[in-house]
Amino acid sequence: MLDIKALKIAIEQLESERRIAREKLIDAIEQSLAAAYKKEYGKRGQIVRSHIDLDSGTVSFEQIKTVVDDTTVRFEGEEELDHTNTEEEGALERFNEEKHILIEDAKILKADVALGEEIVFPLEQKDDFGRIAAQTAKQVIMQRIKEAERSSVLDEFGSKEGDIISGYVQKVENGTVYVDFNRAVGILPYNEQIPGERFARGARIRAYLYAVEDSVRGITLKLSRTHPKFLEKLFEYESPEVASGVVQLKAIAREPGSRSKIAVWTDDSNIDPVGSCVGQKGVRVSTVMSELCGEKIDIIEYSNDPAEFVQKALSPAKVLDITLDEAEHKALIEVLPDQLSLAIGKGGQNVRLAARLTGWKIDIKGTDAAEDKITPSEDAGETTDEDFIPLAELIAEDITA
């Protein structure tokens, strides 16, 4: 008989500390006892199960046999090819009296028995297991608990995929930051960090969880602080209007640590979408900027009119005139000479981000005919889906480390 009090304490402790469901823990213990029984007293091919009564502390063992006939198994001496189904289904299993029972014999025990049904036979009670059997039980229960814990962690963090999670810096190795989340370790590669960031061991860190990977080494959480969704989620935390979906972030163009442009929109005429993100005295956007190491954020109102949208995207520069070339998906912008450098931005950043935000190639010229031509291809490659990110379609795709 088991020490039921000690067993209950162990189950409660594992359930609390490792967050493993009570049913899974009991199942793991029952499987370990069944493995020990089979090791010590069982026969080859035998299927043994055990059941624990947590009230009395007793353990019962039973043998399981599956109901078969000559169409589902083959017998000793018969040619395997004579008793195979289609090639896709493969060869029939050899009959083993320790785990099979013929249907005619099974009907003696249960008249309405069906093929494939399991018949249960009680086994003799045993309390004394040898050293090898006990070791087998220990290995089985540790393996089952490990599997249950892994499943629990996958359930927990799988539900958080596509959200921001917080942890503590475990170590920094070759530029990669390893983040401790108690039950799992997150990896923040160098190329997913905001340029200039430095992390001290033990420091609290927030990052966007874009993938949960289950490998032979354990569960790994893939993190990013440069992903456009990280910026979107930060605004969800700061702005109730964004969190509720009343205000939508229609597009984001971001150069992490330097500058971002976001296009916001709402169909509620009583709400100012830009003001909802900026907050009173700029407190909301300032909080987001602080999390992003001072990254500047331009918030503009989205428009279904491409001409209007492109003009707003070039903010803070003021546009005099715009001509759209639908065939080449190009916008020709005309500005005053003193607005030219502002429209282009330092290193072409403003026009580059505007092009990514809107998806239009942009050429800018001053009214004095001194033309400066900037398209998304300059300093940033051709405009692609990576440059133009509509959030309605954006998914947390796997970002290579």
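Residues numbered from 1 in each chain as written. Predicted model: local features only at pLDDT ≥ 70, side-chain atom pairs only at ≥ 80, totals over all residues. Heavy atoms only, no water.

Undergrad: Explanation requested: the overall build of the protein in the structure shown.
TA: A count of helices and strands for the protein gives 11 helices and 19 strands. Of all 401 residues assigned to the protein, the portion counted as buried reaches 42%. (Helix = DSSP H or I, 4+ residues; strand = E, 2+ residues; numbered from the N terminus. Buried < 20%, exposed > 50% of the residue type's maximum accessible area, 1.4 Å probe, protein only.)

Undergrad: It is not clear to me how the packing of aromatic side chains should be interpreted in this structure. Could you clarify?
TA: Think of a pair of aromatic rings as described by two things: how far the centres are apart, and how the planes are tilted against each other in angle. Here the structure, examined in full by the defined rule, presents five aromatic pairs. Ring centres of Phe-157 and Phe-181 lie 6.1 Å apart, and the angle between their planes is 65°; this geometry places the pair in the edge-to-face category. Taken as a pair, Phe-157 in helix H4 (residues 131-158) and Phe-181 in the loop between strand E8 (176-180) and strand E9 (185-188) lie far apart in primary sequence, 24 residues in all. Phe-157 sits in the buried class, given a relative accessible area of 3%. Looking at Phe-181, the relative accessible area reads 9%, which means it is buried. On the basis of an interplanar angle of 70° and a centroid distance of 4.9 Å, the ring pair of Tyr-302 and Phe-309 is categorised as edge-to-face. (Phe/Tyr/Trp six-rings, centres within 6.5 Å; stacked < 30°, edge-to-face > 60°.)

Undergrad: Just checking my understanding: could you explain the packing of helix H9 (residues 306-313) against helix H11 (residues 349-358) for this structure?
TA: Packed helices, taken two at a time, are described by the angle their axes make and the gap between the axes. Look at H9 against H11: their axes get within 9 Å of each other, and the N-to-C directions meet at 145°. H9 and H11 meet at a crossing whose hand is right-handed. Contacts between H9 and H11 involve Phe-309, Val-310 and Ala-313 on the former and, on the latter, Ala-354, Leu-357 and Thr-358. For the contact of H9 with H11, a count of residues per class yields five nonpolar, one polar and no charged. (Axes fitted to C-alpha atoms, helices over the stretch in contact; angles between N-to-C directions. Left-handed = near helix turned anticlockwise from the far one by under 90°. Contact = heavy atoms within 4.5 Å. Nonpolar A, V, L, I, M, F, W, Y, C, P; charged D, E, K, R; others polar.)

Undergrad: Even after reading the chapter, I still don't get the sheet that holds strand E10 (residues 204-215), so can you show me in this structure?
TA: Strand-to-strand pairing in sheets goes through backbone hydrogen bonds, with the strands running parallel or antiparallel. One closed barrel accounts for five strands, arranged E7-E8-E9-E11-E10; its pairing is mixed. Between one strand and the next, the sheet's axes are offset by a mean angle of 50°, whatever the strand orientation. (Pairing = 2+ DSSP bridges.)

Undergrad: Sorry if this is basic, but what is going on with the nonpolar core here?
TA: A general trend in soluble globular proteins is that nonpolar side chains are found buried together. With 26 residues, the main nonpolar core has Val-310, Leu-314, Ile-333, Leu-357, Ile-362 and Ile-364 as its most contacted residues. Contributing elements (two or more residues each) for this core: strand E12 (248-255), H9, strand E16 (330-335), helix H10 (337-344), H11 and strand E17 (361-366). Counting residues per element, this core draws most heavily on H11, at five residues. When residues no more than four places from it in sequence are discounted, the contact partners of Ile-333 are Val-310, Leu-314, Val-319, Asp-321, Ile-322, Ile-362, Asp-363, Ile-364 and Lys-365. In terms of nonpolar packing, the next biggest core, distinct from the first, is built from 21 residues, Phe-230, Val-247, Leu-249 and Cys-277 among them. (Core = buried A, V, L, I, M, F, W, Y, C linked by side-chain atoms within 4.5 Å.)

Undergrad: What am I meant to see in H11 here?
TA: Among the 10 residues of H11, 10 are classified as buried, and the element is accordingly described as predominantly covered. Among the residues of H11, those classed as buried are Gln-349, Asn-350, Val-351, Arg-352, Leu-353, Ala-354, Ala-355, Arg-356, Leu-357 and Thr-358. Within two residues after H11, Gly-359 carries a phi angle of roughly 85°, on the positive side.

Undergrad: What's the story with the pattern of salt bridges in this structure? I'm lost.
TA: Between side chains of opposite charge, a pair can form when the charged atoms approach closely. This model, assessed by the stated rule, comprises 22 salt bridges. Between Arg-284 and Glu-241 there is a salt bridge, with the nearest N and O atoms lying 3.1 Å from each other. Of this pair, Arg-284 sits in helix H8 (residues 283-291) while Glu-241 sits in helix H6 (residues 240-244), and the two are 43 residues apart along the sequence. Residue class for Glu-241 comes out partly exposed when judged on its relative accessible area of 22%. As a salt-bridge pair, Glu-328 and Lys-330 come within 3.3 Å of each other at their nearest N and O atoms. Linked through salt bridges whose partners overlap, the residues forming this network are Glu-197, Arg-206, Arg-225 and Glu-291. (Salt bridge = Lys/Arg side-chain N within 4 Å of Asp/Glu carboxyl O.)

Undergrad: Mind showing me how you'd approach the confidence of the model for the protein here?
TA: Per-residue pLDDT for the protein averages 83, and the proportion of residues at 70 or more is 85%. The weakest mean pLDDT in the protein belongs to strand E19 (residues 389-390) at 38; the strongest belongs to strand E13 (residues 259-265) at 96. Within the model, the stretch residues 81-89 combines pLDDT values under 50 with nine contacts to residues more than four positions away or in other chains. (pLDDT = per-residue confidence, 0-100.)

Undergrad: Help me out: how do you make sense of unusual backbone geometry in this one?
TA: A negative phi angle characterises most non-glycine residues, just as the trans form characterises most peptide bonds. With an omega dihedral of 15°, the bond running from Ser-315 to Pro-316 counts as a cis peptide bond. Examined against the element boundaries, Pro-316 turns out to sit in the loop between H9 and strand E15 (321-325). Here Asn-174, not a glycine, exhibits a phi torsion of approximately 55°, which is positive. One can find Asn-174 in the loop between strand E7 (163-173) and E8.

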